[in-house]
Amino acid sequence: MNAAAIIEQPLGRLGMDSLPFWEMLQHPTEENLINGFIGGGAACVVVIGIVVVCALITFFGKWRALWSEWLTSPDHKKIGIMYVVVALVMLARAVIEAILMRLQQAVGLGGGFLAPDHFAQLFSTHGTIMIFFMAMPFLIGVINYVMPLQIGARDVSFPVLNSISLGLTAAAAMLVMVSLVIGQFSTGGWFGYPPYTETAFTPDVGPDYWIWALTLSSVGTTLTGINFAVTIYKERAPGMTLMRMPLFTWTALCTSILMIFAMPPLTVATAQLALDRYLGFHYFTNALGGNMMNFMNLFWLFGHPEVYILILPSFGIYSEVVATFSGKALFGYRSLVLATMTIAVLSFTVWVHHFFTMGQSANINAVFGIASMLIGIPTGVKIYEWMATMYRGRVRLTVPMVYAIGFILLFVLGGITGIILANPAIDYQVHNTVFLVAHFHNVAIPGVLFGLLAGYHFWFPKVFGFRLDERWGMISALCWLFGFMLAFFPLYALGLMGLPRRTVAYFNPAYQPLEIVAFLGALLIGCALLALLIQGWVSIKHRNENRVFAGDPWDGRSLEWAVSAPPPEYNFPVLPVVNDADAFAAAKEFGVAYQQPDEFVDIKLPRNSAMGPVLGGLGFVMAFGLVWHIWWLVIVCALGTLAAIIVRGFARDTVQTVPASVVKEEHGRWLDAVQHAAAISRAAECDPANEGLAEQGAAGATS
């Protein structure tokens, strides 16, 4: 980079050939036309989607409200909702890409319709999105919303930092979306292995999009982990000892610790790869002292704890769902806590099983193989204790419970194949086949996605004040369950038959029947996503018939159900005093669940801050400039970031006060709604009669 180059090429590498349909126009071969139309169509969907959203916001005059009530809000609940919105948007793109890949492989005998590079982009973006921009924002959003309520806190410890983390994550997700429109994404997989992603092999912008998207995301996630851990350690309500925390909060704590220690290796790995590509360093090259295995060790030192960053919150959700819809306290609470902590510790001891085939000694492989098998023990403890909780319980087959039961059945199968793959000799045979693809999805989809969807349905009434449509929710859940089985069970057989993973085409006709079955499963998953969207539309349309303002539609057990739905901005009028692990269930049992406090006090909350969207926007533009070598833009954004931080340092009016009179009035309105609500039985909780007051809780209602 020099001043002359900046003046002569102000847009860096950006040009007409960066458009997705450029190659099709220059060389209109059949292959280029097909791939150009697919790529151009995807780009048009992104652009049209942005235009439509902006037009709707303008038409309804909501720009000011969007800025002041959402984007700049430090409220953990609103930030949690925005995280989940990002996750659902990215889920839609990733599912469409998965269907396209399965279609290619269904017709891939001898060729298919996708070019190899296009197919490589699809599996790279699909994996990157599902791990970093669907699962991570989804779980962070759920933790953001629920955890402070469960521990009886007003907010997280660092509300503005929470907004900044969201801004960085959203910026990274936008960068991935922009790669559909300008340039192309990496073809190096979601793991970005060098030397393939080094400049000598891939000089285009794809790996750069991957590097900066993951860097922004990993920095935001590290900050989130610190924020959540401090919140759980320091903000718990009086009387809430560690062993009185709900299981979901325990999994959030262990996940936060994993984030703090697992995300920095990823940040270091992407930074070193960037130094290789931009400044000619040789960390991971094949020459001048580089060693690509250093990247793999760093990446998987992050990557396997990452698996448990994704799964542990879902384990916490299943614990809440199973206990609530079985009408029982969790069986073996302490052993579930111990199992959670054991999984968190062991997750750092197994990363080498990701490269059993790469040449280390048999002794090292044996050690990590044994460690990989050991982690199945605490996981098995959890499965047995969830089943014990259901045993002789009053189980209600609601949508969250269907996801939980489907998870138990399917995750056990995935876990068994994980134990098989922990044997280095077996792993050596099937590591680079679709058997491994089947195993990973068999763990990730039931273990992560089903849990997050269960949590989405479980806490939706608390978030928005009305229940989701049960019928469409059940249709979606069943489509997810059976679609998953159809899409991935055939891959076990195909892997044993020798089909390599990441293969765009094949020449053995024996593969095709099972590939067609897998494609039908992918279509069913697409139907599940469509049913989820229809459920949202139907639920919003009929929201007034399904209001649950009283706040406890499922006869909940923990503190998030002890306030209105949705909760006030300050969460609790007076911080609760906790004397039991199931604090709200105990309060209902003793008839003190709905009480008027003796006195109210003014509540101090953080004021809105523009730091989150500003730093997120600057991060996005800076990363875009780095991808395309637009150096003046990078410099401007770097200076803008520094200026924003300095300006924030001089801010003094950072707190707002909610008067005690307002708190008293809002709390009185909620107690009045509770008193006039009809207490419903468990059998009627999905009926319109459910106003958010469980039958057992009625005894505790007072005026």
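Residues numbered from 1 in each chain as written. Predicted model: local features only at pLDDT ≥ 70, side-chain atom pairs only at ≥ 80, totals over all residues. Heavy atoms only, no water.

Peer 1: Talk me through the pattern of salt bridges; I want residue IDs and the actual numbers.
Peer 2: Per the counting criterion, the structure on display carries 12 salt bridges. For D555, the salt bridge is made with K588, and the minimal N-O distance between the two is 2.5 Å. Of this pair, D555 sits in the loop between helix 18 (512-541) and helix 19 (583-589) while K588 sits in helix 19, and the two are 33 residues apart along the sequence. One exposure class covers both D555 and K588, and it is buried. Note that E665 is salt-bridged to R669, the shortest N-O span being 3.8 Å. With E665 and R669 both in helix 22 (residues 660-676) and 4 residues apart, the pair spans about one turn of that helix. Exposure remark for E665: the relative accessible area of 53% places this residue in the exposed category. (Salt bridge = Lys/Arg side-chain N within 4 Å of Asp/Glu carboxyl O. Helix = DSSP H or I, 4+ residues; strand = E, 2+ residues; numbered from the N terminus. Buried < 20%, exposed > 50% of the residue type's maximum accessible area, 1.4 Å probe, protein only.)

Peer 1: Mind laying out helix 12 (residues 362-374), listing which residues take part and the relevant values?
Peer 2: Taking 1.5 Å as the rise per residue, helix 12 with 13 residues should run 18 Å; its terminal C-alpha atoms sit 18 Å apart, in good agreement. Here helix 12 has its buried residues at N365, F368, G369, A371 and S372. The arc that holds every buried residue of helix 12, seen down its axis, measures 165°, which confines them to one face. Helix 12 presents A362, N363, V367 and I370 as exposed residues on the side facing more than 90 degrees away from its buried surface. As for helix 12, its buried residues are in contact with helix 13 (376-390), helix 14 (399-421) and helix 15 (424-430). (Expected span 1.5 Å × (residues − 1). Arc of directions from axis to C-beta. Contact = heavy atoms within 4.5 Å.)

Peer 1: Please provide a residue-by-residue account of empty space enclosed by the protein, values included.
Peer 2: Using the criterion set out here, one finds 2 cavities of 30 Å³ or more in the structure. Surrounding the largest cavity, T398, V399, P400, H457, L468, D469, E470, Q535 and W554 form its lining. In the lining of the largest cavity, the residues fall into 4 nonpolar, 3 polar and 2 charged. Computed from the structure, the second largest cavity encloses a volume of approximately 50 Å³. (1 Å grid on protein atoms, 1.4 Å probe; cavity = no way out; pocket = protein on both sides within 12 Å on 5 of 7 lines; lining within 4 Å. Points joined across faces, edges and corners; volume = space filled by probe spheres on them. Nonpolar A, V, L, I, M, F, W, Y, C, P; charged D, E, K, R; others polar.)

Peer 1: How would you explain helix 7 (residues 159-178) if you had to name every residue and give the values?
Peer 2: The end-to-end C-alpha separation of helix 7 is 29 Å, in line with the 28 Å expected for 20 residues at 1.5 Å each. Burial within helix 7 is extensive, with 17 of its 20 residues counted as buried.

Peer 1: Before we move on, can you summarise the nonpolar core with the specific residues and values?
Peer 2: Residues F138, Y209, F299, F315, F450 and W480 are the most contacted members of the largest nonpolar core, which totals 192 residues. Here this core takes 19 residues from helix 10 (residues 292-326), the largest share from any one element. In contact with F450, not counting residues within four places along its chain, are Y318, Y403, L410, I445, W480, L481 and F484. In this structure, M101, A120, L122 and F123 belong to the second largest nonpolar core, which totals 9 residues. (Core = buried A, V, L, I, M, F, W, Y, C linked by side-chain atoms within 4.5 Å.)

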